[in-house]
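Next come the chains, spelled out residue by residue.
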Amino acid sequence: MIYDAAIIGAGVTGGMIARELSMYQLKLCVIEAEADIAAGTSKANSGIVHAGYDALPGTLKAKMNIAGNAMIKETAEQLCVPYINCGSLVAAFSKEDEAHIKELYDRGRKNSVPVEILSPCEIKKIEPMISGKVKSALYAKTAGIICPFSLTIAAVENAVENGVKVYLNSKVTKIKRQDGIYSITAGKNSIKARYLVNAAGLYADEISKIAGGESFKINPRKGEYILFDKSMAARAKTVIFGAPNDKGKGVLFAPTVYGNMIAGPTAQNIDDKADTSTSAKGLKDVFSGAKKYVPCIDKKCAITVFSGIRAGADKHDFIIECSKKAKDLVNVAGIESPGLTAAPAIAKYAAELLFSIGLECKKNKNATRQRRPIEIFSKATPERQRELIKKDKRYANVVCRCEHVTEAEIVQSIHRPCGATTVDGVKLRAGAGMGRCQGSFCMPRVMSILKRELGQEYEQVTKKGEGSYILSGKTKEAL
């Protein structure tokens, strides 16, 4: 089979491009190196919908940010993904900070983003818990929060429902073009396609190189985070940033769509694109940075720490362009912050580029932009809960006690389009393991369900794919 287009990378950018192209009569595939979609930066970021005041006017980053912000609410509704338009604040603690936010204000106005500078009294009305040391703040009402991995998974599920094929555990190692066809070696798969979209995130520079495209460099930058329990009293209603520096927007303190508070990220330039470790110093910087905004943050309420890696390009702007060196290749690279916000707009722009170089664009009348989610049992009315249990008794079996996730929901997460095959896959789709205990109680049961539904042995069940095996055998079996 020869695909009309192959998309390399199943992060939010690749997933959104696949979804957009699935609206047309095309044979499409997505190729992903990891064991699941949203396995990299798309699951380990702040989940912020940026207003667009930060990007330099005239850049592709600014254009995509502003267009994406305007599209995100409808996209979230279509995909049934949680999104909250909560607004954001950039807090100034000094005259130097105030100069920075005035610069952001001017930049926002040039980008046609509604922004205003608030006095301490005005800030307190929006954020009662914010530090009394804040002198002023830039307020952007169009900013918000969204679940980054839910958005990615939903986009890919929607694409699969529209006929897109997904190849997981398929690291691209070779690309050759002959007679107008790209031959791609990806894991154990040999894939052929007429057009190629490089949305490989941290590895986009390497993919462009082996495809014969442009030379650019992805500079990985690691950011560490702390996630707090929902019960923590110290909260924010908006996304709170500090004044930016040469390494980015700095540590933020923000709510998540699930009711937790999140703090981070740090900004550390690294060489190893796979280094997602955390450090005592990094986490200390995160905590002290967030505490500057809301002094009553409680370290004891932290339930997990993690890090993500941003894929910034050496060109300091998004790279979304048709290759001049490799025919029928579109590079979509350097999609760092605000890439999550920009993703719907990037997808539309990338599709237009493909159509401009010859990809057919006949609408698929059977395609849909609507995606049916897993119904959340804990949020249903008592009457609906009784209906669900009557229909499927597995709804009466609560597996994850922290988040009240039932066996029925976990089974659904496994059997959905491009469903979960790992413990983390279940966590990202159904929420089992996201609570206070971070899976300490429910992981064995989740493993048991995965084993049963996928016909595996316990030793084959992994946390997140190859190399993350949880069990090696029965106790004392080796003896």
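Asks: Can you explain the overall build of the protein? Please cite residues and give values.
Replies: Secondary structure summary: the protein contains 12 helices and 22 strands in total. Against the compact-globule benchmark of 23 Å for 479 residues, the protein has a radius of gyration of 23 Å, which places it among compact chains. On the principal axes, the C-alpha backbone points of the protein span a range of 65 × 55 × 50 Å. Buried residues in the protein amount to 55% of all 479 residues. Long-range pairs, those at least 24 residues apart, make up 72% of the contacts in the protein between residues at least 6 apart in sequence. Treating the 71 positive side-chain charges of the protein as one cloud and the 50 negative ones as another, the clouds have centres 2 Å apart.

Asks: Describe the sheet that holds strand 4 (residues 83-84), with residues and values.
Replies: Adjacent strands of a sheet pair through backbone hydrogen bonds, lying either parallel or antiparallel. Ordered in space as 3-8-4, the 3 strands form an open sheet in which the pairing is antiparallel. Pairing within the sheet leaves two strands with one partner each, and these edge strands are strand 3 (48-49) and strand 4. Where strand 3 and strand 8 (residues 144-146) come together, 2 bridges link them in antiparallel fashion. Each residue of the ladder has a partner; that of Ile 48, found in strand 8, is Ile 145.

Asks: Can you tell me about unusual backbone geometry, naming the residues and giving the values?
Replies: The linkage connecting Gly 264 with the following residue, Pro 265, adopts the cis geometry, with an omega of -5 degrees. The residue Pro 265 is located in the loop between strand 16 (261-264) and strand 17 (268-269) in this model. Cis geometry marks the peptide bond from Ser 337 to Pro 338; its omega dihedral reads 10 degrees. The phi dihedral of Cys 418 is positive, around 55 degrees, even though this residue is not glycine. Inspection of the secondary structure puts Cys 418 in the loop between helix 10 (407-415) and helix 11 (423-430).

Asks: Help me get a handle on the packing of helix 10 against helix 11, residues and values and all.
Replies: At a minimum axis distance of 9 Å, the contact between helix 10 and helix 11 shows a crossing angle of 110 degrees. The angle between the axes of helix 10 and helix 11 places the two elements in the roughly perpendicular class. Listed contacts from helix 11 to Glu 409, Ile 410, Ser 413 and Ile 414 of helix 10 are Val 426, Arg 429 and Ala 430. Its residues placed into classes, the contact of helix 10 with helix 11 shows 4 nonpolar, 1 polar and 2 charged.

Asks: How would you sum up helix 7 (residues 280-293)? Please name residues and give values.
Replies: Counted at 1.5 Å a residue, the expected span for helix 7 with its 14 residues is 20 Å, and the 21 Å between its end C-alpha atoms agrees. Gly 282, Leu 283, Val 286, Phe 287, Gly 289, Ala 290 and Tyr 293 are the residues of helix 7 that are buried. Burial along helix 7 is one-sided: seen end-on, the buried residues are contained in an arc of 165 degrees. Set apart from the buried face of helix 7 by more than 90 degrees, the exposed residues are Ala 280, Lys 281 and Lys 284.

Asks: Tell me what's going on with the side chain of Asn 69, and back it up with residues and numbers.
Replies: Turning to its location among the elements, Asn 69 is positioned in helix 2 (residues 60-79). Of note is the side chain of Asn 69, whose polar atom sits 3.0 Å from the backbone oxygen of His 50. Excluding residues that lie within four positions of it along the chain, Asn 69 makes contacts with Val 49, His 50, Ala 51, Thr 142 and Thr 341.

Asks: I'd love a proper account of the nonpolar core, names of residues and values included.
Replies: Of all hydrophobic cores here, the largest spans 81 residues; its most connected members are Leu 21, Tyr 53, Leu 151, Ile 320 and Val 332. What Ile 320 contacts, discounting residues up to four positions off in sequence, is Leu 60, Met 64, Asn 331, Val 332, Ile 335, Ile 346, Tyr 349 and Leu 353. Ile 31, Tyr 167, Ile 207 and Ala 326 belong to the second largest nonpolar core, which has 29 residues in total.

Asks: Give a detailed account of helix 12 (residues 443-454), specifying residues and quantitative values.
Replies: Along its 12 residues, helix 12 runs 16 Å from first to last C-alpha, staying within 8% of the 16 Å computed at 1.5 Å per residue. Along helix 12, the residues that are buried comprise Val 446, Met 447, Ile 449 and Leu 450. Seen end-on, helix 12 carries its buried residues on one side only, within an arc spanning 160 degrees. Buried-residue contacts for helix 12 involve strand 21 (398-400), helix 10 and helix 11. Two residues or fewer after helix 12 comes Gly 455, characterised by a positive phi angle close to 65 degrees.

Asks: Please set out the side chain of Lys 61 residue by residue, giving values where relevant.
Replies: Considering the arrangement of structural elements, one finds Lys 61 in helix 2. A polar contact of 3.0 Å, which involves the side chain of Lys 61, links it to the side chain of Glu 336. Once you skip the residues sitting within four places of it in the chain, Lys 61 turns out to touch Ala 55, His 316, Asp 317, Phe 318, Glu 336, Ser 337 and Pro 338.

Asks: Summarise the packing of aromatic side chains; cite the residues concerned and give the values.
Replies: The final tally for this structure, using the stated rule, is 6 aromatic pairs. Taking 6.3 Å as the distance between ring centres and 25 degrees as the angle between the ring planes, the aromatic pair formed by Phe 93 and Tyr 293 counts as stacked. One end of the pair, Phe 93, is in the loop between strand 5 (88-92) and helix 3 (95-110); the other, Tyr 293, is in helix 7, and 200 residues separate them in sequence. Neither residue differs from the other here; Phe 93 and Tyr 293 are each classed as buried. Here the guanidinium or amino end of Lys 451 rests over the ring plane of Tyr 458, the centre of that ring lying 5.2 Å away.

Asks: Just give me the short version of the packing of helix 2 against helix 5 (residues 148-161), but keep the residues and values in it.
Replies: Packed helix pairs are specified by the crossing angle of their axes together with the interaxial distance, meaning the distance between the axes. It is the contact of helix 2 with helix 5, at a shortest axis distance of 10 Å, that shows an interaxial angle of 65 degrees. The hand of the helix 2/helix 5 crossing is left-handed. Across the interface between the two elements, Ile 72, Thr 75 and Leu 79 of helix 2 pack against Leu 151, Ala 154, Ala 155 and Asn 158 of helix 5. Across the contact of helix 2 with helix 5, the residue classes tally to 5 nonpolar, 2 polar and no charged.

Conventions used here
Once a new chain begins, its residue numbering starts again from 1 and follows that chain's sequence as written. The model is predicted, so local features are restricted to residues of pLDDT at least 70 and side-chain atom pairs to those at 80 or more, both for listing and for counting; the totals for chains, interfaces and linings are taken over all residues. Computation of side-chain values: all heavy atoms of the structure, hydrogens and water removed. The helix count covers DSSP runs of H or I at least four residues long, the strand count covers runs of E at least two residues long, and both are numbered beginning at the N terminus. Both definitions apply: the radius of gyration is a C-alpha atom measure, and the globule rule equals 2.2 Å times residues to the power 0.38. To sort residues, take the accessible area from a 1.4 Å probe on protein chains only and compare it with the maximum for the residue type: under 20% means buried, over 50% means exposed, and anything in between is partly exposed. When checking whether two residues touch, look at their non-hydrogen atoms; a contact exists if any pair is within 4.5 Å. Working convention for charge: Lys and Arg count positive, Asp and Glu count negative, and His plus the chain ends are omitted. Note on charges: their place is set at NZ of Lys, CZ of Arg, CG of Asp or CD of Glu. Here a strand pair is declared whenever DSSP counts at least two bridges between the two strands. Between N-to-C directions, angles span 0 to 180 degrees; the directions come from axes that are lines fitted to C-alpha atoms, helices contributing only their stretch in contact. Any angle between 65 and 115 degrees counts as roughly perpendicular, while under 35 counts as roughly parallel, over 145 as roughly antiparallel, and the rest as oblique. Three classes are used, and their members are as follows: Ala, Val, Leu, Ile, Met, Phe, Trp, Tyr, Cys and Pro are nonpolar, Asp, Glu, Lys and Arg are charged, and the others, Gly among them, are polar. By this rule the span expected of a helix is its residue count minus one, scaled by 1.5 Å. The arc in question is formed by the directions pointing from the helix axis toward the C-beta atoms. Polar contacts here mean pairs of N or O atoms no more than 3.5 Å apart (in protein, one a potential hydrogen donor and the other a potential acceptor; neighbouring residues in sequence count only if both atoms are side-chain atoms). For the purposes of this section, nonpolar cores are sets of buried Ala, Val, Leu, Ile, Met, Phe, Trp, Tyr and Cys residues that join through side-chain atoms within 4.5 Å. Here a pair means two rings of Phe, Tyr or Trp (six-membered ring of Trp) with centres within 6.5 Å. Their orientation is stacked below 30 degrees between planes, edge-to-face above 60, and tilted elsewhere. In our convention, an over-ring charge means Lys NZ or Arg CZ found within 6 Å of a ring centre and within 35 degrees of that ring's normal. For a crossing to be left-handed, the near helix must be turned anticlockwise from the far one by less than a right angle; the clockwise case is right-handed.

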